[in-house]
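# Geometric and topological summary
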Amino acid sequence: MRRYLAVVIVLILPLFGCGAPAGQLPPLAELFAAVQAQVELPEMVDTAGTDLEALTGIGPDTYDGAVCYRLLEGTAPDEIIIVRGRDSAAAGAIQERLEKRLEEKREAGRLT
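Here's what I pulled together on the structure shown here. If you're wondering where the values come from, they're calculated on a predicted model, not measured in any experiment.

## Structural notes on the nonpolar core
Core analysis: the biggest nonpolar cluster contains eleven residues, these being A48, L52, L55, I58, Y63, A66, C68, I81, V83, I94 and L98. Secondary structure elements with two or more residues in this core: α3 (48-56), β2 (63-71), β3 (79-85) and α4 (88-111). Not counting the four nearest positions on each side in its chain, C68 is found in contact with V45, D46, T47, A48, L52, L55, I80 and I81. Counting residues in each nonpolar core, the second largest holds ten residues, with V67, L71, I80 and I82 among its members.

Set out below in structure tokens:
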């Protein structure tokens with residue numbers, strides 16, 4: 001169950017900012033810090049600049065900001081991805097890709 005916790009958080013976080021003007025949304029690093037304060041996480045590193053598009057297909061042309069925290073060491077599937085879409089259409093596409101990523105993680109977990 002714990003292995004899916006971090007990925008599930010990814011799908012919940014977009015709900016926090018729906019409808020709020022971009023200037024009122026906290027920086028993505030602050031959102032991650034809020035999650036980290038509530039959930040015991042292993043040491044993670046932000047790999048959005050190198051891994052986000054390869055993992056999810058979400059390219060930099062669709063978002064204004066993104067973080068992709070993954071384990072610093074080890075092979076556990078934990079990751080937390082937070083993406084701020086450029087507009088509502090991009091946000092919808094981003095959500096679809098994140099849901100696809102979650103399903104891929106579920107399937108990979110069933111195989112092990």
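The rest of the description comes next.
## So, the packing of aromatic side chains
Following the criterion strictly, the structure yields one aromatic pair and no others. Ring centres 3.6 Å apart and planes at 10 degrees place the aromatic pair F32 and Y69 in the stacked group. Note that F32 is positioned in helix α2 (residues 28-38) and Y69 in strand β2, a separation of 37 residues in sequence.

## Considering the side chain of E79
Mapped onto the fold, E79 is located in strand β3. At 2.8 Å, the side chain of E79 forms a polar contact with the side chain of R101.

## A look at the sheet that holds β2
Taken in spatial order, the three strands line up as β1-β2-β3 in an open sheet, and their pairing is antiparallel. The open sheet has two edge strands, β1 (44-46) and β3, and neither has a second partner. Ignoring which end each strand starts from, the neighbouring axes of this sheet average 15 degrees apart. With seven bridges connecting them, β2 and β3 associate as antiparallel partners. Among the inter-strand pairings, Y63 is bridged to a residue of β3, identified as G85.

Cut-offs and rules
- Residues numbered from 1 in each chain as written.
- Predicted model: local features only at pLDDT ≥ 70, side-chain atom pairs only at ≥ 80, totals over all residues.
- Heavy atoms only, no water.
- Core = buried A, V, L, I, M, F, W, Y, C linked by side-chain atoms within 4.5 Å.
- Buried < 20%, exposed > 50% of the residue type's maximum accessible area, 1.4 Å probe, protein only.
- Helix = DSSP H or I, 4+ residues; strand = E, 2+ residues; numbered from the N terminus.
- Contact = heavy atoms within 4.5 Å.
- Phe/Tyr/Trp six-rings, centres within 6.5 Å; stacked < 30°, edge-to-face > 60°.
- Polar contact = N/O pair within 3.5 Å; in protein donor to acceptor, adjacent residues only side chain to side chain.
- Pairing = 2+ DSSP bridges.
- Axes fitted to C-alpha atoms, helices over the stretch in contact; angles between N-to-C directions.

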